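Chains, contacts and geometry: an overview
Chain by chain, the residues:
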Amino acid sequence: MTDFTQDQATTYIDSVETHLAAAGLRPRHLEIREYDEYDTAGNTIPSAVLTWRADHPLVSAEQHPDGLLAAWSTENGWQWASLREDGSTEQPAGLPLDALADPAQVGAALLPISLGLRADAGEQAVIDAIREASRGVKHGTPTYKTCTCHTHPCGGVGWDRIEPTCPDHGAGAPCLMWHWAACCPANP
């Protein structure tokens, strides 16, 4: 599918980023490209690269010691690879998604990979890995009364939604609350 415009690609990738952020997997770097890939007719293909550092709370430092990369193009669909120390990757592996998969599906497919699980890991395996990554603090744990961070309907605060001035989570205080939006009881 090469007739996807750059504006459409930007809208799509922005939606994917929103879903990733809701799952606690906001990429550290996101770049939407227009000129680096070409189809067989020589037309440019919109593409994007998303990266996460190994110190991200939902990226397995054991499986991805130098970080994780996800790549997308209308020609090749969604792919992922572990980063090397120099920023390069080995041959990326494909995700079992259409090139224009629903953004929520993209987040659901990338989350197990980031946690060091197989792409087809079950929901319970993902939940268990998130709990382990959060050192046993359950997602949706109610926030402190003095917390000024944005809270989700279940009362949990996402690590990427921390207010810098929050007395409980802000500058200098580690976030103790973890949240995976897909597990939130308020989400159907």
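Treat the numbers as computed from the prediction; the structure is a model and nothing was measured.

**Re the environment of Y12**
Tracing the chain through its elements places Y12 in helix 1 (residues 6–22). Accessibility expressed as a relative area gives 10% for Y12, which makes it buried. If we skip the residues at most four places from it in the chain, Y12 touches F4, W72, W78, A99, L100, A101, P103 and V106.

**As for helix 1**
Given a rise of 1.5 Å per residue, 17 residues ought to cover 24 Å, and the 24 Å separating the end C-alpha atoms of helix 1 matches this to within 8%. By the burial criterion, the buried members of helix 1 are Q6, A9, Y12, I13, V16, L20 and A21. Among the residues trailing helix 1, G24 stands out with phi positive, at a value near 80°.

**Considerations on the nonpolar core**
Y12, W52, W72, W78, V106 and L110 are the most contacted members of the largest nonpolar core, which totals 28 residues. Those elements that provide at least two residues to this core are helix 1, strand 2 (47–52), strand 3 (68–73), helix 2 (103–114) and helix 3 (123–133).

**Digging into the packing of helix 1 against helix 2**
Remark: helix 1 packs on helix 2, axes separated minimally by 8 Å, with the N-to-C direction vectors making an angle of 50°. Judged by the inter-axis angle, helix 1 sits oblique to helix 2. Crossing of helix 1 over helix 2 shows right-handed handedness. Facing helix 1, whose interface residues are Y12, S15, V16, H19 and L20, helix 2 presents P103, A104, V106, G107 and L110. A per-class count over the contact of helix 1 with helix 2 returns seven nonpolar, three polar and no charged.

**A short note on the packing of aromatic side chains**
Using the criterion set out here, one finds three aromatic pairs in the structure. Consider the rings of Y12 and W78, whose centres lie 6.4 Å apart with planes at 50°: the pair is tilted. Of this pair, Y12 sits in helix 1 while W78 is found in strand 4 (residues 77–82), placing the two residues 66 residues apart along the sequence. Each of the two residues, Y12 as well as W78, counts as buried. For the pair W72 and W78, a centre-to-centre distance of 6.3 Å together with 40° between the ring planes defines the contact as tilted. Residue classification places W72 among the buried positions, given a relative accessible area of 1%. A residue is classified by how much of its surface remains accessible, and W78, at 1% relative accessible area, is buried. Through pairs of rings, three or more aromatic residues link up here, namely Y12, W72 and W78.

**Focus on the confidence of the model for the protein chain**
Predicted coordinates in areas of low pLDDT are best not read in detail. For the protein chain, per-residue confidence averages 77 on the pLDDT scale, and 67% of positions sit at 70 or higher. Confidence, read as mean pLDDT per element, is least for helix 3 in the protein chain (75) and greatest for strand 4 (95). Here residues 174–178 is a poorly scored stretch, pLDDT under 50, and it has 23 contacts once near neighbours within four places are set aside; other chains count.

**As for the pattern of salt bridges**
Counted by the stated rule, this structure contains two salt bridges. With a shortest N-O distance of 2.4 Å, D55 and R53 are connected by a salt bridge. Taking the relative accessible area as the measure of exposure, D55 reaches 54% and is therefore exposed.

**A look at the environment of S15**
Checked against the element boundaries, S15 lands in helix 1. Spatially, the C-alpha atoms of S15 and A104 are 8.7 Å apart, while their sequence positions differ by 89 residues.

**As for the environment of I13**
As for its position among the elements, I13 is in helix 1. In this structure I13 comes out as buried when scored by relative accessible area, which is 0%. For I13 and L100, which are 87 residues apart along the polypeptide, the C-alpha to C-alpha distance reads 9.7 Å. When near neighbours in sequence (up to four residues on either side) are disregarded, I13 contacts L30, I32, A48, W72 and W78.

Criteria and cut-off values
- Residues numbered from 1 in each chain as written.
- Predicted model: local features only at pLDDT ≥ 70, side-chain atom pairs only at ≥ 80, totals over all residues.
- Heavy atoms only, no water.
- Helix = DSSP H or I, 4+ residues; strand = E, 2+ residues; numbered from the N terminus.
- Buried < 20%, exposed > 50% of the residue type's maximum accessible area, 1.4 Å probe, protein only.
- Contact = heavy atoms within 4.5 Å.
- Expected span 1.5 Å × (residues − 1).
- Core = buried A, V, L, I, M, F, W, Y, C linked by side-chain atoms within 4.5 Å.
- Axes fitted to C-alpha atoms, helices over the stretch in contact; angles between N-to-C directions.
- Parallel < 35°, antiparallel > 145°, perpendicular 65-115°, else oblique.
- Left-handed = near helix turned anticlockwise from the far one by under 90°.
- Nonpolar A, V, L, I, M, F, W, Y, C, P; charged D, E, K, R; others polar.
- Phe/Tyr/Trp six-rings, centres within 6.5 Å; stacked < 30°, edge-to-face > 60°.
- pLDDT = per-residue confidence, 0-100.
- Salt bridge = Lys/Arg side-chain N within 4 Å of Asp/Glu carboxyl O.

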